[in-house]
Amino acid sequence: MNRVFVCSCFGITEQQVKKHAEDGACTPRQIASACKAGTDCGSCVRRIQALLGRGDCSRRELADQGKPVLAALDEAA
């Protein structure tokens, strides 16, 4: 299996970021809450943003409206 690391600090792969995105993490901050990626040196945040893209995400819409979005992610972590 070919693993492409996104976050070297915590050993987080593209596959893991994509899985967290499928589970509802729509922003780099939500990815960080799920797996710590992007919370140390920060060099991977732009790569995480690129992986997340600007696709449809109900949680992103809630965040844009200023509503809480992390409750479900806390349960999954």
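I will try to describe carefully the structure that is included in this document.

1. Observations concerning the overall build of the protein chain
Move 1: Across its full length, the protein chain carries five helices and two strands.
Move 2: The order of α-helices and β-strands along the protein chain, N terminus first, is β-β-α-α-α-α-α.
Move 3: Among the 77 residues that make up the protein chain, the fraction classed as buried is 29%.
Move 4: Within the protein chain, contacts between residues separated by at least 24 positions form 50% of all contacts whose residues are at least 6 apart in sequence.
Move 5: Accessible surface, the protein chain as shown: approximately 5,300 Å² in total, 46% of it carbon and sulfur.

2. As for helix 2 (residues 28-35)
Move 1: Restricting attention to buried positions, one finds in helix 2 the residues Gln30, Ile31, Ala32 and Cys35.
Move 2: Lys36, located one to two residues past helix 2, shows a positive phi value of around 75 degrees.

3. Some details on the nonpolar core
Move 1: Residues Val6, Cys7, Ile12, Val17, Ala25, Ile31, Cys35, Ala37, Cys44, Ile48 and Leu52 constitute the largest nonpolar core, which totals eleven residues.
Move 2: Those elements that place two or more of their residues in this core are strand 1 (5-7), helix 2 and helix 3 (45-52).

4. Details of unusual backbone geometry
Move 1: Despite not being glycine, Lys36 shows a phi value in the positive range, around 75 degrees.
Move 2: Relative to the assigned elements, Lys36 resides in the loop between helix 2 and helix 3.

5. Quick notes on the packing of helix 1 (residues 14-22) against helix 2
Move 1: It is the contact of helix 1 with helix 2, at a shortest axis distance of 10 Å, that shows an interaxial angle of 105 degrees. It follows from the interaxial angle that helix 1 and helix 2 lie roughly perpendicular. Of the residues in helix 2, those in contact with Val17, His20 and Ala21 of helix 1 are Ile31, Ala34 and Cys35.
Move 2: Here the contact of helix 1 with helix 2 is built from residues that sort into five nonpolar, one polar and no charged.

6. Points about the side chain of Glu14
Move 1: In this fold, Glu14 is placed in helix 1.
Move 2: Of the residues examined, Glu14 reaches a relative accessible area of 15% and is grouped as buried.

7. Topic: the environment of Ile31
Move 1: Counting through the fold element by element, Ile31 comes out in helix 2.
Move 2: On the basis of relative accessible area, Ile31 is assigned to the buried category, the value being 0%.
Move 3: Measuring from C-alpha to C-alpha, the distance between Ile31 and Lys18 comes to 9.5 Å, with 13 residues separating the pair along the chain.
Move 4: When sequence neighbours within four positions are dropped, the list of residues in contact with Ile31 reads Val17, His20, Ala21, Ala25, Lys36, Ala37, Ile48 and Leu52.

Rules and cut-offs
Residues numbered from 1 in each chain as written. Predicted model: local features only at pLDDT ≥ 70, side-chain atom pairs only at ≥ 80, totals over all residues. Heavy atoms only, no water. Helix = DSSP H or I, 4+ residues; strand = E, 2+ residues; numbered from the N terminus. Buried < 20%, exposed > 50% of the residue type's maximum accessible area, 1.4 Å probe, protein only. Contact = heavy atoms within 4.5 Å. Areas by Shrake-Rupley, 256 points an atom, 1.4 Å probe, with all protein chains shown as cover. Core = buried A, V, L, I, M, F, W, Y, C linked by side-chain atoms within 4.5 Å. Axes fitted to C-alpha atoms, helices over the stretch in contact; angles between N-to-C directions. Parallel < 35°, antiparallel > 145°, perpendicular 65-115°, else oblique. Nonpolar A, V, L, I, M, F, W, Y, C, P; charged D, E, K, R; others polar.

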